[in-house]
Amino acid sequence: MARRHSWKAPWPNRGRTYSLLKIRSALDNRPSRDLRTSVTICRSRPKSNESWNTITAANGCLSNWRLSTRASGPRRAKLDREFLRQLRAIRRIVIPSLASKEAAIIGMHAVFLVLRTWLSVVVAELDGKIVKHLVQGHGRRFLAGLLSWFAIAIPATYTNSMIRFLESKLALSFRTRLTQYVHDLYLNENLNYYKLQALDSRIAHPDQFITADIARFCNKVASFLSNLGKPTLDAVIFNIQLVRGVGLPGTVGMFGMYLLTAQLLRAWTPPFGKMAAEQASLEGDFRAHHARVITNAEEIAFYRGEKRESEQVQGSLKRLLSHARSIARRKVPHVVLEDMVIKYTWSAFGYLACALPFFIKAPGGAAGRDGGSGFRTQRFITNKRILVNLSEAGGRMMYSIKEIMELTGYTSRVYSLLSTLHALRRDEYERAAAVASGEQGEFALSKAHGMVYEDIDGVRLTGVPIVAPAADGGELLVRPLTWEVRRGEHWMVAGPNGVGKTSVLRVLSGLWPAFAGVVERPQPSEIIYIPQRAYLPLGSLRDQIIYPHTHAQMQAAGRTDDELMEVLSAVHLAYLPAREGGLAARKEWKDVLSGGEKQRINLARMFYHLPRFAVLDECTSAVSADVEGLMYEHAKRLGITLITISHRPSLYKYHTYLLRLGPSSASTSRIDIARESLADANRGEMQQLRSALATKNAHELRLRLDCVQRELAAASS
């Protein structure tokens, strides 16, 4: 069945609701195989230089996907309603239902947290009794209390261990779901992994977002229940116990003091969320600089560019360390105030609250019931223990404010990644500033309305302009092009450098949008695109030949290693298995193979997959002319229709037609006519060069004359 693609939904449909995510993985062992998360996105008007996408679900509005105009993507992290909406939207991904594994883990975690709080109350009562027996001189009761103390240590230590275990398990489960969700959006047939870097600039260093920021976000969220939920539960239970011990006025006074100091700490708390997001961005820049050095180590070594690269890496490190020092300096006064309030002010007020019932009979207090020193000691120690636990709970709640502020930063970055991937899934590239100001160019990505069909046995472009895309306005390379390639017609695409030869390949393959007109091409299995730069994935030598298939897919198709050896022979690489240790040998192939061998591996993939059409983009520039000719002839014998993008005249004889691209223009002709016109042009230029050489002793003219003579010889052959 023909597949139809539109680069942009018609503008009148802007009010429609698009069902975005009904993900069912095609792989059995992927965690999202049975996950069906339905999230719908409605378009809305741009507001305050930002593009908004309102996420709704059956139970109402969930959140707003805010697409920032900053290069790094995330909005400024703040603890506000926007943060809560973002967190609710992500929650639907990591906890899809109450019957999910994550909900069960949270339930078990909550049970152990309640158990630990109950054990704390029991320990406080037991602590008071032990001291009471010590003051009264009851040795046996004192020893019995110690035995009870050791007995309660067994469930207490097990509870603490289970809380930490369930917290780490919850973080891993969250990361599994969220990372798989992002992978399904990032690595899919919509080519979001390409668009995110080549056509959109909202997310810088997506690898940093996917690997580091998601992990930090999940760890923070998983610890949130312990850092805030447990202290809140402790505060409620310990306050109830405290009312029994020191009376209602003392408890109310303690609660009022907590609120007052909490407001003071909040007012003096730096914007940790913003600082955490900025530090994550700087760490991504630093990591990207090192990754670029690793990827291009050989080229840098040839140019002896280590000094320049060192300057860039050191500059990135300097910015990162400067920001880290700034955070450390801003933390000093905050930590001083925090410790002064939590450790000392609260403790002093707590001692006062515990002591007052013994000097003043408090309503509802316990002082008046027994004036004995043993009982009063027991009540004081018990109240003190409860009060210490209550102060620790309040302290953890205060400390958790800083954790929440950092969580806002990570939430903003993860949310911006998701929102951008959703926008790219709908082919929305426009920057919000350009949309709001109305300053988009004629070829802005938001105006790409060309249609793509995969239903013909050939290639046809009808009125398709070749445009180098950009979010705010692209550059026209070739005026609307009408071109057709039928089965068996071998085409050569030629022209000067920078005229847009490879751009035609990008539009034809769907990497770049068709701004107008119609692109018609075969089904993906019937056409292959081979770029100039060879890509060699991780894996065995066999994996290099059959890419993107896996060994399992190769065996399922009934293909054998003997066929692969025939393919290698066709590209004159039959010696590789013996040299490298067999087809199963695994190496870093981009470092092992030469430039010509890499390009011939690319062509071996064409012979393995045997498509009906092959688009070759300068993919034999490092291959000798004789081997190049043998491979072209072999491809034609196999019935592969060739579309070659090259400026080498020696390839003309393997093709039937020529598409010549010029500045903003294109023309077509048969190769034999093109050869004659090229030969006439070369002869005329050669005469001019000889005349110039007769009057000038110019070295450049002699070099050009030699070049023209070689082109003429190639064209005549």
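Residues numbered from 1 in each chain as written. Predicted model: local features only at pLDDT ≥ 70, side-chain atom pairs only at ≥ 80, totals over all residues. Heavy atoms only, no water.

Undergrad: I keep staring at the sheet that holds strand β12 (residues 613–617) and nothing clicks. Help me out?
TA: The strands that make up a sheet are held in pairs by hydrogen bonds between backbone atoms, and each pair lies either parallel or antiparallel. Read across the open sheet, the six strands follow the order β11-β12-β13-β9-β14-β15; overall the sheet is mixed. What marks the edges here is a single partner per strand, and that holds for β11 (527–530) and β15 (665–670). Each strand axis lies, on average, 15 degrees off the axis of its neighbour in the sheet, ignoring direction. Across five bridges, the pairing between β12 and strand β13 (residues 641–645) is parallel. Looking at the pairing, phenylalanine 613 lines up with threonine 641 of β13. (Pairing = 2+ DSSP bridges. Helix = DSSP H or I, 4+ residues; strand = E, 2+ residues; numbered from the N terminus. Axes fitted to C-alpha atoms, helices over the stretch in contact; angles between N-to-C directions.)

Undergrad: Please clarify how the packing of aromatic side chains should be interpreted in this entry.
TA: The geometry of two aromatic rings is summed up by the distance between their centres and the angle between their planes. Following the criterion strictly, the structure yields five aromatic pairs and no others. Pairing phenylalanine 112 with tyrosine 158 gives two aromatic rings, centres 6.1 Å apart and planes at 65 degrees, and the pair type is edge-to-face. With phenylalanine 112 in helix α2 (residues 101–136) and tyrosine 158 in helix α3 (residues 139–186), the pair connects residues that are 46 residues apart, well separated along the chain. With a centroid separation of 5.6 Å and an interplanar angle of 80 degrees, the aromatic rings of tryptophan 483 and tryptophan 491 are classed as edge-to-face. Relative accessible area serves as the criterion here: at 3%, tryptophan 483 is assigned to the buried category. An aromatic cluster is built from Trp483, Trp491 and Tyr657, whose rings are joined through pairwise contacts. Above the face of the phenylalanine 209 ring, arginine 413 is positioned so that its terminal group lies 4.1 Å from the ring centre. Sitting over the face of the ring of tyrosine 608, arginine 559 holds its NZ or CZ atom 4.3 Å from the ring centroid. (Phe/Tyr/Trp six-rings, centres within 6.5 Å; stacked < 30°, edge-to-face > 60°. Buried < 20%, exposed > 50% of the residue type's maximum accessible area, 1.4 Å probe, protein only. Lys NZ or Arg CZ within 6 Å of the ring centre and 35° of its normal.)

Undergrad: Got a minute to help me understand a nonpolar patch on the surface in this structure?
TA: On the surface, a cluster of nonpolar side chains totalling about 400 Å² of accessible area is made up of Leu143, Leu146, Trp149 and Phe150. The topology assignment puts tryptophan 149 in helix α3. A relative accessible area of 31% means that tryptophan 149 is categorised as partly exposed. (Patch = residues over 30% accessible without salt bridge, like charges linked within 9 Å, V, L, I, M, F, W, Y side chains within 5 Å. Areas by Shrake-Rupley, 256 points an atom, 1.4 Å probe, with all protein chains shown as cover. Salt bridge = Lys/Arg side-chain N within 4 Å of Asp/Glu carboxyl O.)

Undergrad: Looking at this structure, how should I read the environment of threonine 668?
TA: Structurally, threonine 668 is set in strand β15. As for threonine 668 and leucine 658, which are separated by 10 residues in sequence, their C-alpha atoms are 5.6 Å apart. Discounting chain neighbours no more than four positions away, the residues touching threonine 668 are Trp483, Trp491, Leu658 and Leu659. (Contact = heavy atoms within 4.5 Å.)

Undergrad: Would you take a moment to explain the nonpolar core for this structure?
TA: The nonpolar side chains of soluble globular proteins are, as a tendency, buried together. The biggest cluster of nonpolar side chains holds 73 residues, and the ones touching the most others in it are Leu178, Leu418 and Trp483. For this core, the element with the highest residue contribution is α3, accounting for 11 residues. Not counting residues within four places of it along the chain, the set of residues in contact with leucine 178 comprises Ile90, Ile93, Val94, Ile214, Phe217, Cys218, Val414 and Leu418. Residues Met492, Ile545, Ile546 and Trp589 belong to the second largest nonpolar core, which totals 41 residues. (Core = buried A, V, L, I, M, F, W, Y, C linked by side-chain atoms within 4.5 Å.)

Undergrad: Can you help me understand the packing of helix α18 (residues 595–609) against helix α19 (residues 625–637) in this one?
TA: For any two helices packed against each other, the geometry is given by the interaxial angle and the distance between the axes. Contact pair α18 / α19: the axes reach a minimum separation of 11 Å and the direction vectors enclose 10 degrees. Relative to α19, α18 is oriented roughly parallel. Contacts between α18 and α19 involve Arg600, Leu603, Met606 and Phe607 from the former and Val627, Met631, His634 and Ala635 from the latter. Residues that form the contact of α18 with α19 fall into these classes: six nonpolar, one polar and one charged. (Parallel < 35°, antiparallel > 145°, perpendicular 65-115°, else oblique. Nonpolar A, V, L, I, M, F, W, Y, C, P; charged D, E, K, R; others polar.)

Undergrad: Any chance you could explain the pairing of strand β10 (residues 518–521) here in plain terms?
TA: Residues in a regular strand project their side chains so that they alternate between the two faces of the sheet. Across four bridges, the pairing between strand β6 (residues 451–454) and β10 is parallel. From the neighbouring strand, glutamate 454 faces β10, where its bridge partner is arginine 521. Pairing of strand β7 (residues 458–468) with β10 involves three bridges; the strand directions are antiparallel. Across the sheet, threonine 462 pairs through a bridge with valine 518, a residue of β10.

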